[in-house]
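# Observations on chain architecture
Take a look at the letters that make up each chain.
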Amino acid sequence: MQKFSFNRRLVIIIVCLIVSFALMTVSVVIRNKRSTPPLIQQFGNDIVGLADRVVALPANGLSGSVSSVSELLNTYQENQQLKKQVSELAQTKVRDQTLAKENKQLKQQVKLNDSLTDYTAVSAAVITRTPSSWQNQVVINKGSSAGVQKNMPVMSGSGLIGRVAEVNKTNSKVELITDNNDSANRFAVQITTKSGATVNGVLSGYKSATGQITMNNITTKAKIHKGDKVVTSGLGGVTPKGLYVGKVAETGGDDYGLSTKLYITPATDLTDLNIVTVAVTKQ
Amino acid sequence: MYRLSKLRFGFPIGLLIMLLLDGSLSHIFSSQMFNYPTVMVSHLVVLWLVTAVLYEENVTMPLGRWAIVAGAVFDLYYTGIFGVYIFIFPLVVYVTRIMVTYISPNFLSGLLIYFIDITLVEGLGFLASRVVHMTVISGSSFLVNTLGPTLALNLALYVILYFPIRWVYNWLN
């Protein structure tokens, strides 16, 4: 009898392991291949998301009021600095408007409807974050009903923070660029150097020790300097052109000395996200 | 007496709140908890399940089933990879129940049991992530950068929340 029960336990353990592996594999495949998760999963996620808003609202409100008190202390200094910046910004904004208008007129003349730089911004609030050290994901409160689709880039503040990994009806998961997994989308980016040359490349990972994004396999001869701005290039996919990623912090050779490796300081603080913007492009 | 007590509804509601609080805490304190490469992960939902086993004296609750439900919600809503925590959470309840038969549960022995449980959750979670290539971190840096800080945070949370949660259970029972 003892032997029988031991065998049964062994069988249960093995069956559980096999089912677990099967489920994991299937869900990873679905996550990588399909644009939306299965309907049941979407439905479940929407319901949990709704319940989460009830919990997250007071929690986020509390943290918001605490941080606003601490921010109040250095408001005066910040105000003075910002006033200077605002007066400069007004000039840039007016010029930007004029250029945008001119650009639109020129596009009409050559009958060009949408170019790579066109996108509409959808703002969303971060509800929660995945409590796991393996997945750097946040859940935002906009989903497919707001026009969000899989793989769309997400920004916060001034820079790119990640891409939409899973879309439900009313919420979606955003995979941050700090996520280092194999299936993470690599953004196509370009750098315009001081001499005017354009260097194209793909973001390749995140170096967690220094908090920098890495960019591998650059074979260009153009000299890339520290402080050069990195923006998305709009090539190959749903990412529009011209989203700010960060500044070049360090250039160096790769492990074999054949190509250049760049370290990029992200434009936004990736650990402090509250309001994000999804760049929705027409497909 | 489980059918008649407030625990019947109170326990699942508490479980859901703990599950969602895990995410909210990770979001609000993300600059402290996800200070790469050091990562602390809060497992309040495991704390809720383990303390339920510790306080479960004359009332037997269907903890295994609720652990499966919590694991399923965790997998679908938080990670998006189904089939990881849905097996780990019931396993933790099972292991805790076995340990409770050997060690009589009180505050200090509960701390030891919870230490083993968190190690189990994080270790198996790490193995599963390695299998599906969600992470490429080596075992030694997992021990130093994730398991150590996570144990520290969760044991601190256990010490803080042990008596409040017991009060809640007594009130519900």
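Basis of the calculations
- Numbers given to residues run from 1 along each chain, matching the order in which its sequence is written.
- Written order decides the labels, with chains lettered from A and ligands numbered from 1.
- Where local features are concerned, this predicted model is filtered to residues with pLDDT of at least 70; where side-chain atom pairs are given and counted, the filter is 80 or more; whole-chain, interface and lining totals use all residues.
- Excluding hydrogens and water, the side-chain values take into account all heavy atoms of the structure.
- Any two residues whose heavy atoms approach within 4.5 Å are treated as being in contact.
- Put simply, buried area is the surface a 1.4 Å probe can reach on two separate parts but cannot reach once they are joined, added for both.
- Should a side-chain nitrogen of Lys or Arg be within 4 Å of a carboxyl oxygen of Asp or Glu, the pair is scored as a salt bridge.
- Pairs of N or O atoms within 3.5 Å make up the polar contacts considered here, provided that, within protein, one atom can donate a hydrogen while the other can accept it, and that residues adjacent in sequence are counted only when both atoms are side-chain atoms.
- Helical segments are the DSSP runs of H or I of at least four residues, strand segments are the runs of E of at least two, and each set is numbered from the N terminus.
- Given a helix with a known number of residues, its expected span is that number minus one, times 1.5 Å.
- Per-residue accessibility, obtained with a 1.4 Å probe over protein chains only, is compared with the maximum for each type, and a residue is labelled buried under 20%, exposed over 50%, and partly exposed between these values.
- UniProt positions are given in the numbering used here, feature names are shortened, and annotations may be inferred rather than shown by experiment.
- Only the six-membered ring of Trp is used, alongside the rings of Phe and Tyr, when aromatic pairs are assigned; centres must lie within 6.5 Å, and planes under 30 degrees apart are stacked while those over 60 apart are edge-to-face, with the rest tilted.
- Lysine NZ or arginine CZ positioned within 6 Å of the ring centre and within 35 degrees of the ring normal marks a charge as sitting over the ring.
- Boundaries of every domain are those given by an automatic assignment or by a domain database.
- Pairing between two strands is assigned when DSSP locates at least 2 bridges connecting them.

Looking now at the interface of chain A and chain B. Contacts between chain A and chain B engage 47 residues on the former and 44 residues on the latter. Taken together, both faces of the contact between chain A and chain B bury some 4,000 Å²; the carbon and sulfur share is 66%. Taken as a group, Arg129, Pro131 and Trp134 of chain A account for 21% of the area that chain A buries against chain B, more than any other trio of residues on that side. For the pair chain A and chain B, the interface holds zero salt bridges. Counting the contacts that link chain A with chain B gives 14 residue pairs in polar contact (both at pLDDT 80 or more).

Looking now at helix H6 (residues 107-131) of chain B. Residues and elements named next belong to chain B. The first and last C-alpha atoms of H6 sit 36 Å apart over 25 residues, in line with the 36 Å expected at 1.5 Å per residue. Measuring from the side-chain oxygen of the N-cap residue of H6 to the backbone nitrogen of Leu108 gives 3.0 Å; that N-cap residue is Asn106. His133 occupies a position one or two residues after H6 and carries a positive phi of about 60°.

This part covers helix H2 (residues 39-72) of chain A. Between its terminal C-alpha atoms H2 of chain A stretches 46 Å, which fits the 50 Å expected from 34 residues at 1.5 Å a residue. Of all the residues in H2 of chain A, the buried ones are Gln41, Gln42, Asn45, Asp46, Val48, Gly49, Asp52, Val55, Ala56 and Ala59 of chain A. As for H2 of chain A, its buried residues are in contact with strand E1 (120-129), strand E4 (159-167) and strand E5 (172-176) of chain A together with helix H1 (7-28) and helix H4 (63-79) of chain B.

As a further point, take the environment of Gln42 of chain A. Topologically, Gln42 of chain A is positioned in helix H2. Distance in space between the C-alpha atoms of Gln42 of chain A and Thr170 of chain A is 9.0 Å, their sequence separation being 128 residues.

Okay, the UniProt feature "transmembrane region" (unreviewed entry) in chain B next. All names here are of chain B. Annotation from UniProt places "transmembrane region" (unreviewed entry) at residues 36-55, 67-95, 107-129 and 141-165. With 60% helix and 10% strand, the stretch residues 36-55 has end C-alpha atoms that lie 36 Å from each other. The distance separating the terminal C-alpha atoms of residues 107-129 is 32 Å; by composition the span is 100% helix and 0% strand.

Turning our attention to the pattern of salt bridges. Residues and elements named next belong to chain A. This model, assessed by the stated rule, comprises three salt bridges over all chains. Glu175 serves as the salt-bridge partner of Arg163, at 3.0 Å between the closest nitrogen and oxygen. Here Arg163 is found in strand E4, whereas its partner Glu175 is found in strand E5, with 12 residues between them in sequence. Glu175 carries the same exposure label as Arg163, and that label is buried. Note that Lys173 and Glu166 form a salt bridge whose closest N and O atoms lie 3.0 Å from each other. Of the residues examined, Glu166 reaches a relative accessible area of 5% and is grouped as buried.

Here we take up the packing of aromatic side chains. Tallied over the full model, the rule gives 18 aromatic pairs over all chains. Seen in terms of ring centroids, Phe126 of chain B and Phe142 of chain B are 4.3 Å apart; in terms of plane orientation they differ by 5°. Their pairing is stacked. Residue Phe126 of chain B is found in helix H6, and its partner Phe142 of chain B is found in helix H7 (residues 139-172); the two are separated by 16 residues along the sequence. In this pair, the class of Phe126 of chain B matches that of Phe142 of chain B, namely buried. An aromatic cluster is built from Phe11, Trp48, Tyr55, Phe107, Tyr114, Tyr158, Tyr162, Phe163 and Tyr169 of chain B, whose rings are joined through pairwise contacts. Looking at Arg129 of chain A, its charged tip hangs above the ring of Phe34 of chain B, at a distance of 4.2 Å from the centre.

It is worth spelling out the side chain of Asn168 of chain A at this point. Residues and elements named next belong to chain A. Following the sequence through the fold, Asn168 ends up in the loop between E4 and E5. According to the relative accessible area criterion, Asn168 is buried, its value standing at 1%. In terms of polar contacts, Asn168 uses its side chain to reach the side chain of Asn171, at 2.8 Å. Leave out the neighbours within four places in its chain, and Asn168 touches Pro37, Gln42, Asn45, Asp46, Gly143 and Ser144.

This part takes up the domain arrangement of chain A. What the domain assignment reports for chain A is domain 1 (1-33) and domain 2 (188-266). Taking only C-alpha atoms into account, the centre of domain 1 of chain A sits 43 Å from that of domain 2 of chain A.

Now for the environment of Ser104 of chain B. In this fold, Ser104 of chain B is placed in the loop between helix H5 (85-102) and H6. Through-space distance from the C-alpha of Ser104 of chain B to that of Leu16 of chain B is 28 Å; in sequence the pair is 88 residues apart.

What follows deals with the pairing of strand E11 (residues 260-266) of chain A. Residues and elements named next belong to chain A. The element E11 is largely enclosed, with a buried count of five among its seven residues. Taken together, the four bridges between strand E8 (residues 212-218) and E11 define a ladder with antiparallel strand orientation. Along E11, the bridge assignment pairs Met215 with Leu262. Direction of pairing for strand E10 (residues 244-253) relative to E11: antiparallel, over a ladder of seven bridges. Considered in E11, the bridge of Thr251 is made with Leu262. Once E10 ends, the chain turns through six residues before running back antiparallel as E11, passing Gly257 with a positive phi of about 75°.

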